[in-house]
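Survey of secondary and tertiary structure
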Amino acid sequence: MAVSHVIMLALSDLRSRRARYLLVALVIAIGAALMVGLSTISLGAKIYVQNQLYQIFPADILIYSNSIDIPRAFVDALRASPYVESAEPVLMLTGTLGNKTVTILGVPLSDISYFDVELVEGRLPSGGGEAVVESTLGAKVGEVVTLYVYESTIAPPTAVKISVVGVMTNLLKGFIGPMSLNLVVVPLDWLQQELGVGQFYNMVFITLKDKTYIQPFAQALKREFPRAEVYTQQSALSTVNRVFSMLNIFFTIIEAIAYMAGALTTFAVMSITVRERVGEIALLKATGIAGRDIALTLLLEVFIVGLTGGTLGGLAGYLGAMGIKDALVGAGYFFDVPIPFVPQFYALGIALSLSVAIGGALVPVYRAITLRPLEILR
């Protein structure tokens, strides 16, 4: 049979049974939409979390102590090390501003750009008593407010006056539900003076010249300063990757169930179609049409159905991911993650849709081409 005849027979059957094949295409499209949509959202969320991690953890190694007991001499020794590119000391403490709990970050004014403060309005601090506050606190530029700073869980707070000179966005941007750090950034030396802690810190961000030394250097720091916690950016990124790997496994199970439903629907529809076309198949065989050509006709039908379902489903999945983001943002939930169009996801969705459609049709098609005309007539 000529190729044109195979195509004409396939298109003719698609038209005559269009409602049935539309159902198959719809079920397959759901699998493709879930695959593309969930994969895109997962990738976008992972990219967002990693980018925020780089902002919150802008160093290779972080030393953190529960007490303000990291001396300046220790920081100077780090800076003098041939392996260290930079060592930025800070004070990170808890406090209250009005009725809200805040995180107070004392940073050196000379290196404030290192911490990538994202201003909404105003300017960065330039002297003692000036502060940049997070927009979630509701403070306005020009206001003078009282900040209560806790040095420990047992000591009473220290009250200090700050002048708001800038408003910034939250580093985490509320990604995990309503979570907010309520940051207040002030000059480090001024905060040390107000608290009377001298040249001591409780956190140091360390960047190394050679990244291959991160783990050995972190271990050496732990031995040198055993009462402090030592974290590495690599370990934090590994944790993020593990979390999203587990999430992707869960998504894969959902996608597999959807595609399985597509395969079963294809099997059922093609089995019914073959039974309905037994007489037609017998007549084609009796006129000398090879079983291979009949199989090609049937497979071409499911190929068109699978391609249509995969193409439209993949597009619906991407647009659905965009719609979910817009709906959540419109409802007041922060979900400002990137929704990238990934051609690999789209191509994989179409490939899986075709595989499911053809795989589900193989058994009915095999039964069709193994039918004998005389047995059918009897």
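On a predicted model such as this, the values are computed, not experimentally measured, just so you know.

1. Some details on the UniProt feature "transmembrane region" (unreviewed entry) in the protein
- Per the UniProt record, "transmembrane region" (unreviewed entry) is found at residues 21-45, 249-274, 295-324 and 344-369.
- Segment residues 21-45 splits into 100% helix and 0% strand. End C-alpha atoms: 36 Å apart.

2. Some words on the packing of aromatic side chains
- Summed over the entire model, instances satisfying the criterion amount to six aromatic pairs.
- With a centroid separation of 6.2 Å and 45° between ring planes, the pair formed by Phe250 and Phe251 is classed as tilted.
- Classification of Phe250 as partly exposed rests on a relative accessible area of 48%.
- Connected via pairs of aromatic rings, a cluster forms that spans Tyr83, Tyr213 and Phe217.
- For Arg227, the ring lying beneath its charged end belongs to Phe225, and the centroid distance is 4.3 Å.

3. Focus: the pairing of strand 8 (residues 158-168)
- For strand 5 (residues 119-122) and strand 8, the ladder comprises three bridges, and the chain directions are antiparallel. Paired with Gly122 across the bridge in strand 8 is Gly166.
- As judged from the six bridges shared by strand 7 (residues 144-150) and strand 8, these two strands associate in the antiparallel manner. Its bridge partner being in strand 8, Val149 is matched across the sheet by Thr158.

4. Focus: the packing of helix 8 (residues 291-330) against helix 9 (residues 343-369)
- Orientation of helix 8 relative to helix 9, taken along the N-to-C sense of each, is 150°, at an axis distance of 8 Å. Judged on the interaxial angle alone, helix 9 and helix 8 are roughly antiparallel. Remark: the crossing between helix 8 and helix 9 carries right-handed chirality.

Cut-off values and rules
Counting of residues starts from 1 at the beginning of each chain's written sequence and follows it residue by residue. Predicted model: local features are reported for residues with pLDDT of at least 70 only, side-chain atom pairs are reported and counted for 80 or more only, and whole-chain, interface and lining totals are derived from all residues. Hydrogens are left out, water is left out, and the side-chain values use all remaining heavy atoms of the structure. UniProt positions are given in the numbering used here, feature names are shortened, and annotations may be inferred rather than shown by experiment. Secondary structure elements are taken from DSSP: a helix is a run of H or I of four residues or more, a strand is a run of E of two residues or more, and numbering for both begins at the N terminus. Note on ring pairs: Phe, Tyr and Trp rings are taken, using the six-membered ring of Trp, and paired if centres are within 6.5 Å. Classes follow the plane angle, with under 30 degrees stacked, over 60 edge-to-face and the rest tilted. Each residue gets one of three labels from its accessible area relative to the maximum for its type: buried under 20%, exposed over 50%, partly exposed in between, using a 1.4 Å probe on protein chains only. Any Lys NZ or Arg CZ found within 6 Å of a ring centre and within 35 degrees of that ring's normal is scored as a charge over the ring. The pairing criterion is simple: DSSP has to find at least two bridges between the two strands. Helix axes use the C-alpha atoms of the stretch in contact, all axes being lines fitted to C-alpha atoms, and the angles between their N-to-C directions lie in the range 0 to 180 degrees. Our angle categories are set so that under 35 degrees counts as roughly parallel, over 145 as roughly antiparallel, 65 to 115 as roughly perpendicular, and the remainder as oblique. Crossing handedness is read from the near helix: turned anticlockwise from the far helix by less than a right angle, it gives a left-handed crossing, and turned clockwise, a right-handed one.

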